[in-house]
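A closer look at the structure
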Amino acid sequence: MNRYDVLIVGAGHGGAQAAIALRQNRFEGSIVLIGDEPELPYERPPLSKEYLAGDKVFERLLIRPAAFWEERSVTMLTGRTVVAVDPAARSVTTADGARIGYAALIWAAGGKARRIACDGHDLTGVHTVRTRADVDAMIAELPEVRDVAVIGGGYIGLEAAAVLAKLDRKVTVLEAQDRVLARVAGEPLSRFFEAEHRAHGVTIRTGVQVSGIEGDDRVSGVRLADGEVVPAQMAIVGIGIEPAVAPLLAAGASGGNGVLVDGQCRTSLPDIYAIGDCALHANAHAGDRMIRLESVQNANDQATVAAKTICGLEAGYDAVPWFWSNQYDLKLQTVGISAGYDTAVVRGDPATRSFSVIYLAAGRVIALDCVNAVKDYVQGRKLVAEGRAIDPAALADASVPLKDLSA
Ligand code: FAD
């Protein structure tokens, strides 16, 4: 049985950054990165943006070139799935039956795209957007596709809608809630993005339930609860992820919707850490609620914390969360976590396509969504970090820079 000092499960953003951070912190032991995708670690955000649009080739998505991993003696086992963890024997088992030992294990397996539970969900032409293979399959079918139904009006669905509208497809977004982005943003932002998509020819339908996907050998339409069928030769399902934690939970790790970690990204199992999309943690910027964050920044920051902890260095996870999304020529930048806000202040005029929504809870700024408003984003970070009470009227006055309102 091969044995490594650090074994990392999942060769995505978090896994790659964990290996990078270990070497940056002069960790000299052996490192292996095991990932079930065939590729070396690559950036996922462009999948629903430039890569789907054909504006970026895959090689430009690689987090580091192949030579980087060799030079730093990081062993890459791609195309291998870890199916079991044995914390007592300190080993994992892969789907091909190999056992690989570790001194420390970092679980960075992210999540799998949630499938829609309705008939026709497995027809050809029904896609999720999580991996390069997912998007390659979409690109291969596009020449035969005129109508696209996007199920789910979250960031990934809307980004894909924007790209496909630009590629002259007739796109319909089907959202169960009464507005898009309802899970992650306030109403002013939702309404702005709905209007933008409509202006680009996308049909946005909110408050609709999908009851099935129709087609013989491939999808021909998406059926709604009232029986209406929305024509589609491609259906894109963007309804979130399921954290990929089953082997770890089966091994006895605490968790449920993710695996539970402390401020150093330690799970309840000895010398096993978890980071990124699958790590359930108490977040100081969400009132210490237990949450998972699905962002590149979180994966990278938690990777760095786990790596430092393994190196015996002081580290704790308390970064202010941030996120971005690109749709059309709009750059959305989010800082903080808006969930639980009681007041949303619009700063600037959405009609100018440059504005921010500032979220407050009990008078304190907890998050900002900034659309084509980089200054607000940069200066607003400080307001979120400080968590001070600020007069909403002052925040709404776009003639006063946000930096003038911070301590
Ligand atoms: P991942 O990057 O998903 O890596 C996990 C890896 O582990 C995967 O390769 C997975 O296949 C593999 N794996 C799973 N189980 C096993 C197993 N048992 N054995 C071996 N390997 C396994 N975030 C932003 O901040 N901004 C954006 O604009 C943005 N856009 C996005 C667009 C798309 C289309 C997607 C899918 C995500 C986007 N995200 C964005 C989210 C961001 O990509 C994720 O938060 C980030 O990738 C999380 O990193 P991770 O390491 O936790 O998981």
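A brief report on the enclosed structure follows.

What counts, and where the lines are drawn
- Residues numbered from 1 in each chain as written.
- Predicted model: local features only at pLDDT ≥ 70, side-chain atom pairs only at ≥ 80, totals over all residues.
- Heavy atoms only, no water.
- Helix = DSSP H or I, 4+ residues; strand = E, 2+ residues; numbered from the N terminus.
- Rg over C-alpha atoms; globule rule 2.2 N^0.38 Å.
- Buried < 20%, exposed > 50% of the residue type's maximum accessible area, 1.4 Å probe, protein only.
- Contact = heavy atoms within 4.5 Å.
- Areas by Shrake-Rupley, 256 points an atom, 1.4 Å probe, with all protein chains shown as cover.
- Lys, Arg positive; Asp, Glu negative; His and termini not counted.
- Charge placed at Lys NZ, Arg CZ, Asp CG, Glu CD.
- Phe/Tyr/Trp six-rings, centres within 6.5 Å; stacked < 30°, edge-to-face > 60°.
- Lys NZ or Arg CZ within 6 Å of the ring centre and 35° of its normal.
- Expected span 1.5 Å × (residues − 1).
- Polar contact = N/O pair within 3.5 Å; in protein donor to acceptor, adjacent residues only side chain to side chain.
- Pairing = 2+ DSSP bridges.
- Axes fitted to C-alpha atoms, helices over the stretch in contact; angles between N-to-C directions.
- Left-handed = near helix turned anticlockwise from the far one by under 90°.
- Nonpolar A, V, L, I, M, F, W, Y, C, P; charged D, E, K, R; others polar.

Moving on to the overall build of the chain. A tally of helices and strands in the chain yields 10 helices and 26 strands. Against the 2.2 N^0.38 benchmark of 22 Å for 407 residues, the chain shows a C-alpha radius of gyration of 22 Å, consistent with a compact globule. Expressed as lengths along the three principal axes of its C-alpha atoms, the size of the chain is roughly 60 × 60 × 35 Å. Relative to its full complement of 407 residues, the chain shows a buried share of 54%. Of all intrachain contacts in the chain linking residues separated by at least 6 positions in sequence, the fraction that spans at least 24 positions is 60%. For the chain, the exposed surface amounts to about 17000 Å²; the carbon and sulfur share of it is 50%. Charge-centre separation for the chain: the mean point of 41 positive side chains lies 4 Å from the mean point of 50 negative side chains.

This next bit is on the packing of aromatic side chains. Following the criterion strictly, the structure yields 8 aromatic pairs and no others. Ring pairs connect the aromatic residues Tyr42, Tyr51 and Phe58, which therefore count as one cluster. Of note, arginine 64 hangs over the ring of phenylalanine 68, and the distance from its end group to the ring centre comes to 5.0 Å.

Right, let's talk about helix H1 (residues 13–24) for a bit. The first and last C-alpha atoms of H1 sit 16 Å apart over 12 residues, in line with the 16 Å expected at 1.5 Å per residue. Burial analysis of H1 places 11 of its 12 residues in the buried class, the great majority of the element. When H1 is considered as a whole, its buried residues turn out to be His13, Gly14, Gly15, Ala16, Gln17, Ala18, Ala19, Ile20, Ala21, Leu22 and Arg23. Following H1 by one or two positions, arginine 26 has its phi on the positive side, about 65°.

Take the side chain of lysine 49 next. Structurally, lysine 49 can be placed in the loop between strand E2 (31–35) and helix H2 (50–53). Given the relative accessible area of 9%, lysine 49 is considered buried. Engagement of the side chain of lysine 49 in a polar contact is seen with the backbone oxygen of proline 45, the distance being 3.1 Å. The residues touching lysine 49, leaving out its near neighbours within four places in the chain, are Glu159, Val163, Trp324, Ser325 and Asn326.

Quick look at the pairing of strand E5 (residues 91–94) now. Each regular strand shows side chains that alternate between the opposite faces of the sheet. The sheet contact formed by strand E4 (residues 82–86) and E5 spans 4 bridges and is antiparallel. Residue pairing for E5: valine 82 is matched across the bridge by threonine 94. Count of turn residues in the E4/E5 antiparallel hairpin: 4 residues, of which arginine 90 carries a positive phi of about 55°. Examined bridge by bridge, E5 and strand E6 (residues 99–107) share 3 bridges and lie antiparallel to one another. Looking across to E6, one finds that valine 92 is bridged to isoleucine 100. Linkage of E5 to E6, two consecutive antiparallel strands, is achieved through a turn of 4 residues, within which glycine 97 is found at a positive phi near 90°.

Before going further, it helps to spend a moment on the packing of H1 against helix H8 (residues 296–310). Running from amino to carboxyl end, H1 crosses H8 at an angle of 40°, the nearest separation of the two axes being 8 Å. As H1 runs across H8, the sense of the crossing is right-handed. Between H1 and H8, the residues in contact are His13, Gly14, Gln17, Ala18, Ala21 and Leu22 and Val296, Ala299, Asn300, Ala303, Thr304, Ala307 and Ile310, respectively. Split into classes, the residues belonging to the contact of H1 with H8 amount to 8 nonpolar, 5 polar and no charged.

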